[in-house]
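One letter stands for each residue in the lines below.
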Amino acid sequence: MGAKVNKKRLRKYIGVALLLSVVLVLAGCSNLNEPITSHSTGFWDHVVLWNFSRFILWLGSLVGNSSGWAIIIFTIIIRIILLPLNWFQIRSMNKQMEIQPQTKALQEKYSAKDADTQAKLREETQKLYKEAGVNPVAGCLPLLVQLPVMFALYQAIYKTSELRNGSFLWMQLGKADPYYIMAVLAALLTFASTYISSLSQPNQNATTKMMTWIMPLFIFVPALTFPSAITLYWVVTNAFQVVQTLILQNPFKYRRKQREKEEKEKEKQRQIRRAKKRAYKRRK
């Protein structure tokens, strides 16, 4: 059974890797120095990039031909489209948190590091996840959708002169922010989104806690040299993520309920101890 679980999980990861590989290959076949037009050939240039650039330019025409505002509106539209996937992700995470005591109990029960015990642990954990309706790979789905969008946005900017030469506030969208303001904002909002999400996950492992601090660096470093349009996309998408987390998950409300639950449990244990003491005194 453990082998079957591992095979299923392996197939999922292989599928994810293949999807990303296809996107990278399609993007790699596109020449950044060749502008895209209605006559561009190939699926990536003709179908994806051409329609991306036309849609963004159309959005810009609605807001005074501002490419910056067009990218902001485009980002918000993408995030709204992703809401069902994000909701699915949040539900799976909430269910995973609910069964944390059972997961921890299984880890303690099968704590030995030999292959048979670890296989049994994976089998029992998968069984628990299935019964609780937890999908371990649900957290990857929104990211998998966003990666092709980012690749397409990046190339659409370079291959569309109106976007590449467009300006917004102090920035030229096809070039990096000269003052690094957007890079700092992107990093800060990435930290805010991961930190706020972590508040509703009190029993995180060391790796998850570390990612809260590492992810902003992963965003900050490339944002220093990436086109301002991409860093603008990151800023808006992470700001949206913060608001979404506060509305859909409300980690502060979750932590308050957890504290109330813990206090009730402590009070229950105190009452049990007092009852035992009274019973002990009566026996004397």
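What this report covers is the structure whose coordinates are included nearby. (Residues numbered from 1 in each chain as written. Predicted model: local features only at pLDDT ≥ 70, side-chain atom pairs only at ≥ 80, totals over all residues. Heavy atoms only, no water.)

**Some words on helix H6 (residues 115–132)**
Selection rule: Working definition: helices are DSSP H or I runs of at least four residues, strands are E runs of at least two. Numbering for both runs from the N terminus. The span expected for a helix works out to 1.5 Å for each residue beyond the first. When accessible area is computed with a 1.4 Å probe and restricted to protein chains, residues below 20% of their type maximum are described as buried, those above 50% as exposed, and intermediate ones as partly exposed. The arc refers to the directions leading from the helix axis to the C-beta atoms.
Compared with the 26 Å implied by 1.5 Å per residue over 18 residues, the 26 Å span of H6 between its first and last C-alpha is a close match. For H6, the complete set of buried residues consists of Thr-117, Leu-121, Thr-125, Leu-128 and Tyr-129. Projected onto a plane normal to the axis of H6, the buried residues spread over an arc of 110° and lie on a single side. Exposed residues lying more than 90 degrees from the buried face of H6 are Ala-115, Asp-116, Lys-130 and Glu-131. Just beyond H6, the residue with positive phi is Gly-133, at close to 75°.

**As for the nonpolar core**
What counts, and what does not: Buried Ala, Val, Leu, Ile, Met, Phe, Trp, Tyr and Cys residues that are joined via side-chain atoms within 4.5 Å together make up what is termed a nonpolar core. We call two residues contacting when some pair of their heavy atoms lies within 4.5 Å.
Of all hydrophobic cores here, the largest spans 34 residues; its most connected members are Phe-52, Ile-56, Phe-74, Leu-153, Leu-232 and Trp-234. Only helix H2 (43–62), helix H3 (67–81), helix H7 (141–159), helix H9 (181–198), helix H10 (206–223) and helix H11 (228–248) provide two or more residues apiece to this core. In this structure Leu-232 touches Gly-68, Ile-71, Ile-72, Phe-168 and Met-182, once residues within four positions along its chain are discounted. Grouped together as the second largest cluster of nonpolar side chains are seven residues, Tyr-110, Leu-128, Tyr-129 and Val-134 included.

Bear in mind that shape data such as this cannot, by itself, settle questions of function.
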